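Report on the structure
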Amino acid sequence: MSNIPETGRTPRVTIRLVALQILVFSLLLTLGGRLWYLQIRNGDEYADEAASNHVQQVVQPATRGSILDARGVPLADNETRLVVSASRTELLKMKDDGKAVLDRLAGVLGMKPEEVSEKVRLCDAKTPQPCWNGSPYQPIPVTDEATTQQALQIRERAEDFPGITAEPTAVRRYPAPLKANTAQVLGYLSPVTDEEIEKAKDGRSPLLRSDQIGRSGLERSYDKYLRGKAGVTRYEVDNLGRVIGQERSDPSEAGSSVVTSIDARVQAIAEKELDGAMKEARKQIDRNTNRPYEADAGAVVVMEAKTGRVVAMASNPDYDPNAWVGGISGKDYTRMTSKKSNYPLLNRAIQGQAAPGSIFKVISTAASVNAGYDFNGGYNCGSSYSIGGQVFKNFESQSHGSIDLGRALEVSCDTVFYALAHQQWKKDGGLKPKKDAKDWFFRTAHQFGLGAETGIDLPNEVTGRVPDRQWKKDFWKANKDSWCKRAKAWPGKKDYETLLAREGCLEGMKLHAYDAVNYSIGQGDTLVTPIQMATIYSAISNGGTLYNPSVGKAVISPDGKHIEEIKPQPHGKLPVKKKTLNQMDEALAGVATRGTAAWRFGGWPQDEIPMHAKTGTAEVYGKQTTSWFATYTKDYSIVMTISQGGTGSGASGPAVRKIYNALYGADEKGGIDKKRALLPEPEKSLPKIEKDGSIQAEEAKPYEPPKPSESPGGVEQAALDRRRH
């Protein structure tokens with residue numbers, strides 16, 4: 001008798017069949033769940049992705065708007081060049097990551113293979129320039145200076161250069177009219193990064209991978225106007241990449257043009273005179289160190305006194321912004337960012353901070369009057385002022401006897417301001433300040449706008465510093481640990497640094513008498529920028545209104561139909577009564593005619609164009625003195641500074657005088673030739689806009705200084721001078 005069931009299956013076979021059925025059912029269940037997830041749960045998302053796989057985008061970059069001077073002269077525009085680019089996406093598909101292709105490309109372009117490889121590598125924390133800091137999916141420019149023959153070779157031998165393109169492209173150009181570089185004001189462009197694309201995607205002005213954006217200067221401040229909108233055409237393609245139709249096309253929109261208040265002619269003069277003053281300073285011997293002045297950096301600002309508009313702004317050392325076009329070389333990048341070159345990317349007019357020296361005394365004068373001291377009172381201008389056993393000397397130990405505050409400004413008497421600041425410090429409680437301490441000298445500085453940004457329409461402006469009681473406390477908290485650590489070496493070490501550390505550790509949070517007196521003459525821990533001082537001296541000129549300095553004057557659409565004027569914006573008033581302001585104005589005119597700046601303004605036509613000035617020579621520990629020269633007329637204020645350049649009138653004075661000569665057409669004898677004057681009064685109108693939207697540029701002719709014999713009144717003035725001698 002058999003043990004096999006009627007079904008013909010043994011128990012072992014049955015078990016296997018049941019297990020197989022369970023497995024099949026589980027697989028079907030899993031597959032069904034996955035289909036539900038893909039088609040229902042995430043169906044829309046994957047449908048969009050599938051559709052995008054069959055759509056390719058072609059980007060047509062927008063033409064970037066121009067940056068123009070006040071007369072329509074281009075400071076930044078575009079030109080068509082043959083640009084050779086490489087696609088990393090295509091190169092990485094090759095076995096050697098495109099090395100052979102890039103080597104062949106280098107041969108055609110006359111470049112070294114390593115130069116080309118460096119251009120297309122991606123930037124990261126460990127990769128120095130040159131490298132590509134834009135999107136890795138965007139074609140990377142290798143050169144924007146290809147010749148027609150080179151471009152033809154690449155295009156005709158396309159099979160040898162997969163992933164390489166050679167196309168005529170509009171690229172940025174900085175023409176430097178009349179050699180007016182204007183680098184730090186204009187700024188530069190570089191490719192957009194993936195992070196910036198992501199950040200801007202939901203904003204009013206989303207970015208594409210092909211975009212170049214402003215990184216500094218006006219290119220950054222007005223980027224959203226200048227950039228325009230790139231055109232995008234979307235093509236439907238099959239799975240072989242063949243175009244089967246056009247899905248959508250958005251045309252590109254050119255960027256708007258920005259008209260500035262910069263005058264290229266004045267800018268050229270300002271840059272030339274600043275550079276010349278620094279070179280001349282290096283020929284002079286510093287009596288304190290017995291070596292030539294280093295004159296390692298400087299800046300000058302020319303501002304419209306009644307509006308705050310910037311007519312010229314120069315910073316030295318400078319750089320060529322064209323170096324950034326098409327990708328910067330390693331050599332250029334190193335030069336622009338190295339200590340050896342003294343960081344030419346810095347705009348020292350808004351980012352250079354230094355003690356102001358005696359040009360600060362207009363603030364101390366206003367503070368003294370606000371504190372109750374009579375402007376016309378008698379104040380002893382002795383050769384020195386003592387606090388305890390410490391002696392603070394007047395400049396070159398000069399003594400002028402009893403003088404009023406106006407005369408103290410004229411001769412720049414330190415000891416008058418030492419005494420006033422010391423008296424006020426004692427009234428406020430000295431080392432144990434009263435709860436209601438007035439701190440007039442510090443309060444007035446804040447009211448003049450120091451210790452804060454001016455609001456200029458350029459990025460990365462710094463605030464400077466007003467070293468008041470609160471700053472002393474904050475600074476002490478930030479540094480006490482390092483000070484106290486170094487102070488432990490006392491009394492074994494008694495060098496100057498250890499002495500300062502010990503003093504800082506024990507009493508660095510207190511405002512001492514010596515802090516107050518040094519501060520009163522623009523020394524000590526006080527820091528200002530040239531743009532701050534130009535704003536202040538403009539306010540003194542215009543009757544007391546503090547304006548936000550501005551470079552942009554108008555934004556004009558590509559068709560010329562929409563003009564958005566940028567109006568001057570006041571942000572405050574000087575804390576000075578009209579009577580005191582008039583007295584200060586008269587004293588500053590005295591500086592130019594009989595005070596510390598008189599020797600630099602000899603022969604100036606004071607009756608026709610009243611000149612006002614203040615000189616400053618700031619001491620800096622471990623360095624040579626900083627030169628400051630602050631001036632104004634009814635139309636303009638000009639402030640120049642030279643780091644490690646010497647005295648204010650000595651180093652900066654002649655250059656400032658020459659800028660004024662160019663503005664007004666004045667000569668050294670006091671004659672005025674209005675035909676040669678570059679800008680005897682500020683430009684009020686905008687450049688002419690043609691019917692097609694183009695902006696008419698006036699001819700930019702170089703300045704030719706008048707000769708004394710050519711100037712009306714020059715011959716008579718020369719004869720008068722001969723009779724005097």
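Before going into details, it helps to say that this report is about the structure given with it.

Quick notes on the rules
- Residues numbered from 1 in each chain as written.
- Predicted model: local features only at pLDDT ≥ 70, side-chain atom pairs only at ≥ 80, totals over all residues.
- Heavy atoms only, no water.
- Helix = DSSP H or I, 4+ residues; strand = E, 2+ residues; numbered from the N terminus.
- Rg over C-alpha atoms; globule rule 2.2 N^0.38 Å.
- Buried < 20%, exposed > 50% of the residue type's maximum accessible area, 1.4 Å probe, protein only.
- Contact = heavy atoms within 4.5 Å.
- Lys, Arg positive; Asp, Glu negative; His and termini not counted.
- Charge placed at Lys NZ, Arg CZ, Asp CG, Glu CD.
- Salt bridge = Lys/Arg side-chain N within 4 Å of Asp/Glu carboxyl O.
- Polar contact = N/O pair within 3.5 Å; in protein donor to acceptor, adjacent residues only side chain to side chain.
- Axes fitted to C-alpha atoms, helices over the stretch in contact; angles between N-to-C directions.
- Parallel < 35°, antiparallel > 145°, perpendicular 65-115°, else oblique.
- Left-handed = near helix turned anticlockwise from the far one by under 90°.
- Nonpolar A, V, L, I, M, F, W, Y, C, P; charged D, E, K, R; others polar.
- Core = buried A, V, L, I, M, F, W, Y, C linked by side-chain atoms within 4.5 Å.
- Pairing = 2+ DSSP bridges.

**Side note on the overall build of the protein**
Regarding its fold elements, the protein presents 24 helices and 25 strands. Against the globule reference of 27 Å for 725 residues, the protein gives a C-alpha radius of gyration of 34 Å, more extended than a compact globule. Considering only C-alpha atoms, the protein reaches an extent of 145 × 70 × 45 Å along its principal axes. When burial is assessed residue by residue, the protein has 49% of its 725 residues classed as buried. Long-range pairs, those at least 24 residues apart, make up 68% of the contacts in the protein between residues at least 6 apart in sequence. Charge centroids of the protein, computed over 97 positive and 89 negative side chains, lie 6 Å from each other.

**Overview of the pattern of salt bridges**
If you walk through the whole model with that rule in mind, you get 29 salt bridges. For Arg172, the salt bridge goes to Glu219, with nearest N and O atoms at 2.9 Å. Pair noted here: Arg172 is in strand E5 (residues 164-173) and Glu219 is in helix H9 (residues 217-221), with a separation of 47 residues, a long-range link. Linked by salt bridges that have partners in common, Arg64, Arg172, Glu219, Asp223 and Arg227 make up one network.

**Digging into the side chain of Ser261**
Here Ser261 shows up in the loop between strand E10 (257-260) and helix H11 (264-281). There is a polar contact of 3.4 Å between the side chain of Ser261 and the backbone oxygen of Ser550. Setting aside its immediate chain neighbours within four residues, Ser261 contacts Ala70, Arg309, Val310, Val311, Ser550, Val551 and Lys553.

**So, the packing of H11 against helix H23 (residues 648-664)**
Where H11 contacts H23, the two axes come as close as 9 Å, and the packing angle between them is 160 degrees. It follows from the interaxial angle that H11 and H23 lie roughly antiparallel. Helix-helix and strand crossings are classified by hand; for H11 and H23 the assignment is right-handed. On H23, the residues touching Val266, Ile269, Ala270, Glu273 and Ala277 of H11 are Ala651, Ala655, Lys658, Ile659, Ala662 and Leu663. Residues belonging to the contact of H11 with H23 are distributed by class as follows: nine nonpolar, no polar and two charged.

**Digging into the nonpolar core**
Within the largest apolar cluster, 129 residues are counted, with the highest numbers of intra-cluster contacts made by Met313, Tyr537, Ile540 and Leu663. Beyond its immediate stretch of four places on either side in the chain, Leu663 contacts Val266, Val302, Tyr636, Ile638, Ala677, Leu678, Leu679 and Pro680. In terms of nonpolar packing, the next biggest core, distinct from the first, is built from 21 residues, Val84, Leu105, Val108 and Ile154 among them.

**Points about unusual backbone geometry**
Residue Pro130 is bonded to the preceding Gln129 through a cis peptide linkage, with omega at 5 degrees. Positionally, Pro130 belongs in the loop between helix H5 (113-120) and strand E4 (140-143). Asn316 connects to Pro317 through a cis peptide bond whose omega is 10 degrees. Within the fold, Pro317 resides in the loop between strand E14 (310-316) and helix H12 (330-337). Although it is not a glycine, Asn290 adopts a positive phi angle of roughly 60 degrees. Secondary-structure assignment places Asn290 in the loop between strand E11 (285-286) and strand E12 (291-292). Of note in the backbone geometry, Ala295 takes a positive phi value of approximately 40 degrees without being a glycine. Inspection of the secondary structure assignment puts Ala295 in the loop between E12 and strand E13 (297-304).

**Looking at the sheet that holds strand E24 (residues 626-632)**
In spatial order, the strands read E14-E13-E25-E24-E23; together these five strands make up an open sheet with antiparallel pairing. Each end of this open sheet is capped by a strand with a single partner; those strands are E14 and strand E23 (612-618). Strand-to-strand twist across the sheet, computed as the mean angle between neighbouring axes with direction ignored, equals 5 degrees. Examined bridge by bridge, E13 and E14 share six bridges and lie antiparallel to one another. Along E14, the bridge assignment pairs Val302 with Ala312.

Keep in mind these values describe shape, not function.
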